[in-house]
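Here is how the chains run, residue by residue.
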Amino acid sequence: MSKPVLIRLVIISFLAIVAGLFVYTDRQEAHYQATAPDQISAMLQDIDSWQAADLSQHLSSAAKSVVSPQQLSNVLDLYRPLGQFERIEELHFSRLASALSLLGTRYISYSGIVQYSRGHAELTITLVHDETAPDSDKLKISNINMSSPALGL
């Protein structure tokens, strides 16, 4: 096979993979758009008590196994100045996390702006399916991160 033909085959294969990933992540986004934002909103509302038990009930088993009680307490102390959750202002699905989930655990990641009583926060949240109900659309938090001027971050 000549080099130009081989290069064309490589390029066509690469484009087919990229197109396939785009279609896959587009379907994932459409599927989760129906349930994930409401679940994220409910989680953030539950968590805004800034109590460890309230956050812990929403964490995945994997997250619970790597976060110590002291780390959980430190995170809650850090986010407590935000006050009470009010609303999600914008939320964007991460196609990268969705594409990478083809290789293992199905992660669903969102980022956006959420409003709290003492200001807004930039949110990044990664979710996984609840391992106790794998056939449901119930999600658990694998990772959560917020930054805000109200936190000095």
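Conventions we followed
Residues numbered from 1 in each chain as written. Predicted model: local features only at pLDDT ≥ 70, side-chain atom pairs only at ≥ 80, totals over all residues. Heavy atoms only, no water. Helix = DSSP H or I, 4+ residues; strand = E, 2+ residues; numbered from the N terminus. Buried < 20%, exposed > 50% of the residue type's maximum accessible area, 1.4 Å probe, protein only. Contact = heavy atoms within 4.5 Å. Salt bridge = Lys/Arg side-chain N within 4 Å of Asp/Glu carboxyl O. Phe/Tyr/Trp six-rings, centres within 6.5 Å; stacked < 30°, edge-to-face > 60°. Pairing = 2+ DSSP bridges.

Colleague: Would you take a moment to explain the overall build of the protein chain for this structure?
Modeller: Summing up its helical and strand segments, the protein chain has 6 helices and 4 strands in all. Seen in sequence order, the protein chain has helices and strands lined up from the N terminus as α-α-α-α-α-β-α-β-β-β. Here the protein chain holds 153 residues, and 34% of them are scored as buried. Restricting the contact set of the protein chain to residue pairs at least 6 apart, pairs at least 24 apart contribute 59%.

Colleague: Got a minute to help me understand the pattern of salt bridges in this structure?
Modeller: Pairs may arise between side chains of opposite charge once their charged atoms sit close together. Under the counting rule described, the total for this entry stands at 3 salt bridges. A salt bridge links Arg-87 to Glu-89; the nearest nitrogen and oxygen atoms lie 3.3 Å apart. The class for Arg-87 is partly exposed, based on a relative accessible area of 41%. Linked by salt bridges that have partners in common, Glu-86, Arg-87 and Glu-89 make up one network.

Colleague: What am I meant to see in the packing of aromatic side chains here?
Modeller: Summed over all chains, the structure comprises 4 aromatic pairs. Relative to Tyr-110, the ring of Phe-93 lies with its centre 5.5 Å away and its plane at 70°, an arrangement referred to as edge-to-face. Here Phe-93, found in strand E1 (residues 85-93), pairs with Tyr-110, found in strand E2 (residues 107-116); they are 17 residues apart in sequence, far enough to count as distant. For the residue pair Phe-93 and Tyr-110, the accessibility class agrees, reading buried in each case. Among the aromatic side chains, those forming a connected cluster through ring pairs are Trp-50, Tyr-79, Phe-85 and Tyr-116.

Colleague: I would appreciate a short explanation of the pairing of E2 in the present structure.
Modeller: Among the 10 residues that make up E2, 8 are buried, leaving the element largely enclosed by the rest of the structure. Here 7 bridges tie E1 to E2, and the two strands are oriented antiparallel to one another. Paired with Phe-85 across the two strands is Tyr-116, which belongs to E2. Bridge count for E2 against strand E3 (residues 119-129) is 10 bridges, and the pairing is antiparallel. Bridge pairing in E3 links Ile-113 to Glu-122. Remark: 2 residues form the turn of the hairpin made by E2 and E3, two consecutive strands paired antiparallel.

Colleague: What is the right way to look at the environment of Ala-53 in this model?
Modeller: For Ala-53, the location among the structural elements is in helix H3 (residues 52-56). Between the alpha carbons of Ala-53 and Leu-72 there is a distance of 9.7 Å; along the sequence they are 19 residues apart.

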